[in-house]
Amino acid sequence: MAKPRKIIIFDTTLRDGEQSPGASLNLREKVQIAKQLGRLRVDVIEAGFPIASPGDFEAVRAVASEVKKPVVAALARCSRKDIDRAAEALKPAGKPRIHVFLATSKIHRDYKLRMTSGEVLRRASSMVKYAKRYVDDVEFSPEDASRTEIEFLAKVVEAVIASGATTVNIPDTVGYSTPEEFAGVIRYLKENVSNIGEAVLSVHCHNDLGLAVANSLAAVVAGAEQVECTINGLGERAGNASLEEIVMALATRSDIFGFRTSVNTKQITRTSRLVSHLTGIVVQPNKAIVGENAFAHEAGIHQDGILKKRKTYEIMKPQDIGLGESRLVLGKHSGRHAFKERLKQMGYELKEAEVERAFGRFKELADKKKAVFDEDIGAIIEDEIYAGPEKYRLEYISISSGNRTVPTATVRLRCGDDILQDAACGDGPVDAALKTIDRITRVRGRLIDYSLRSVTGGKDAMGEVTVRINVGRECVTGRGSSTDIIEASAKAYLNGINKIVWRKKRSAGKKETPSL
Ligand code: KIV
Ligand code: ZN
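Residues numbered from 1 in each chain as written. Chains lettered and ligands numbered in written order. Predicted model: local features only at pLDDT ≥ 70, side-chain atom pairs only at ≥ 80, totals over all residues. Heavy atoms only, no water.

Draft legend 1. Summary view of the sheet that holds strand 17 (residues 463-471). Spatially, three strands are ordered 16-17-18 in an open sheet, and the strand pairing comes out antiparallel. Two strands lie at the open edges of the sheet, namely strand 16 (446-454) and strand 18 (474-482), each paired on one side alone. Ignoring which end each strand starts from, the neighbouring axes of this sheet average 15 degrees apart. Strand direction decides the pairing type here: strand 16 and strand 17, joined by eight bridges, are antiparallel. In the strand pairing of strand 17, Y450 is matched with V467. Relative to strand 18, helix 15 (residues 374-384) is tilted by about 130 degrees, and along the sheet it contacts strand 17 and strand 18. (Pairing = 2+ DSSP bridges. Helix = DSSP H or I, 4+ residues; strand = E, 2+ residues; numbered from the N terminus. Axes fitted to C-alpha atoms, helices over the stretch in contact; angles between N-to-C directions. Contact = heavy atoms within 4.5 Å.)

What follows is the structure, encoded as structure tokens:
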């Protein structure tokens, strides 16, 4: 029997996914996600849009240096400056790809680009040729393809392939298409573009109508060979097609689709959790595949069925996506060696000094809490090691609060060699703590979202707080964890403030490279 055809999985979590409001990641977090995507065995990682900011440029360069198996792609508009920057960032890559895009629909041509169709056609071809001077692997995307006149779209696709594009990606940029219609676009291109066989045909669907996965799968059935998607369906506005849903649909219904991917599905849960932790974007509980309830059976009839025969109500095994592999690992008697081993097994690559710091936090936690789980260790690493450059660090916090007390906080922060201290009252203990931090740092953050979750089960569990803060026009996410939820709140807020301070410093042009 012939081997099923392989669908190329192109992950754009670090580019389109990072365009989710509030999902900004620092350099180290991006590299960490890219390495995990490597373990997940995606074929292509789109690491960023280098011209967009120095941070994006550095992130693409770091991913290109550190992740060697997948192709590393960088996005560029159809301009020489963008392409030069993308090529520069991709220099260390083993398998570099430049991804150029230009809008083709009439509405974009007339109002956004103010270009005629002839100009768009010429610009697309010439910029693909320009990108080919740097790399063999060039992808072209006609932005808003699904709303482009189909004959013109076919002309553009033919022209860019003739100019050397090795992949042509058809985006449903505004998530407007439907499965039937989108499959029709793919079929039309297959039948009407004379050189279509010379390039990989890809799709990139947004989820504005909740159809991104359905549209991508319909396109695959119609002949698309690459799917662009993101972990947890992150992305601009309502997000992109979710990688885990695409991959598990192809795997679970291989009887219908007859395709395979190279993804190691057992890494899906770990990847989803890492991305959720680092972006601060919580996965909805009923989200397919990776939501907390995706394998939970509530109804008595279902539970009864599951106990008698799992397949009565379960179409996938939780183990297939690596669920249920969290283990009780360590306790207060565990030593440095066991801790280091566990870190390695969890995929963390830390320097000696960082292991020491994390081990110190682990010991503190193990004193407070009997059992330390993988999730606790993950929270420690993200809190302690991946927090990004820290101008301010929490040294001490004391709260007095109660139903007949004015909530008051005393906070001590370290700022380089200085110790800064102040106190303030608030509506509640969290408000008091955050107001005190505002007084000390003189950064007045507006809290626009606050969420608290327990890292594991148990009354002694660590609480992890995620906040979204606005300062002027900047919006950042901050995270912090502790067995004391007021301390976790202060750490999360401070993490956000440190990001704002760091961004301001960068935009003021001061050179300071965050260490990897
Ligand atoms: O949605 C879109 O059109 C894009 C392109 C840059 C591929 O993200
Ligand atoms: Zn997109």
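Draft legend 2. Spotlight on the coordination of the zinc ion (ligand 2). Donor atoms from the polypeptide that coordinate the zinc ion (ligand 2) comprise D16 (OD), H204 (NE2) and H206 (NE2), at 2.0 to 2.1 Å from the metal. Donor residues binding the zinc ion (ligand 2) come from one chain and are separated in sequence as D-x187-H-x1-H. Just as H204 is buried, H206 falls in that class too. (Donors = N, O, S within 2.8 Å, 3.2 Å for Na, K, Ca; no water. Buried < 20%, exposed > 50% of the residue type's maximum accessible area, 1.4 Å probe, protein only.)

Draft legend 3. Summary view of the pairing of strand 2 (residues 8-11). As paired strands, strand 2 and strand 9 (residues 226-229) are joined by four bridges and run parallel to one another. Bridged to F10 within strand 9 is E228. Inspection of the sheet shows strand 2 paired to strand 3 (residues 44-48) by two bridges, in the parallel sense. What sits directly across from D11, in strand 3, is I45.

Draft legend 4. Expanded view of the sheet that holds strand 15 (residues 418-425). Strand order in this open sheet of three strands is 13-14-15, and the pairing throughout is antiparallel. The sheet is open, and its two edges are formed by strand 13 (393-402) and strand 15, each paired on a single side. Mean inter-strand twist for the sheet, computed between neighbouring axes without regard to direction, equals 10 degrees. As defined by bridge partners, strand 14 (residues 405-415) adjoins strand 15 across eight bridges and the pair is classed as antiparallel. Following the sheet pairing, V411 is matched in strand 15 by D422. Sheet strands in contact with helix 16 (residues 429-441) are strand 13, strand 14 and strand 15, and its direction is about 135 degrees off that of strand 15.

Draft legend 5. Inspection of unusual backbone geometry at higher detail. Here the phi dihedral of D144 falls at roughly 60 degrees; this positive angle occurs in a residue that is not glycine. Relative to the helices and strands, D144 is located in the loop between strand 6 (138-143) and helix 6 (150-162). Overall, the relative accessible area of 0% leaves D144 in the buried class. A positive phi is found at N232, a non-glycine position, where the angle reads about 60 degrees. Inspection of the secondary structure puts N232 in the loop between strand 9 and helix 9 (243-252). Residue classification places N232 among the buried positions, given a relative accessible area of 12%.

Draft legend 6. Spatial organisation of the pairing of strand 4 (residues 71-77). Burial runs high along strand 4: six of the seven residues are buried. As judged from the four bridges shared by strand 3 and strand 4, these two strands associate in the parallel manner. Bridged to E46 within strand 4 is A73. Of the crossover connections in this fold, the one passing from strand 3 over helix 2 (residues 54-66) to the parallel strand 4 is right-handed. Judged from the six bridges that link them, strand 4 and strand 5 (residues 96-103) form a sheet pairing that is parallel. Across the sheet, residue A74 finds its bridge partner in strand 5, namely I98. (Right-handed = clockwise from strand over helix to strand, strands pointing away.)

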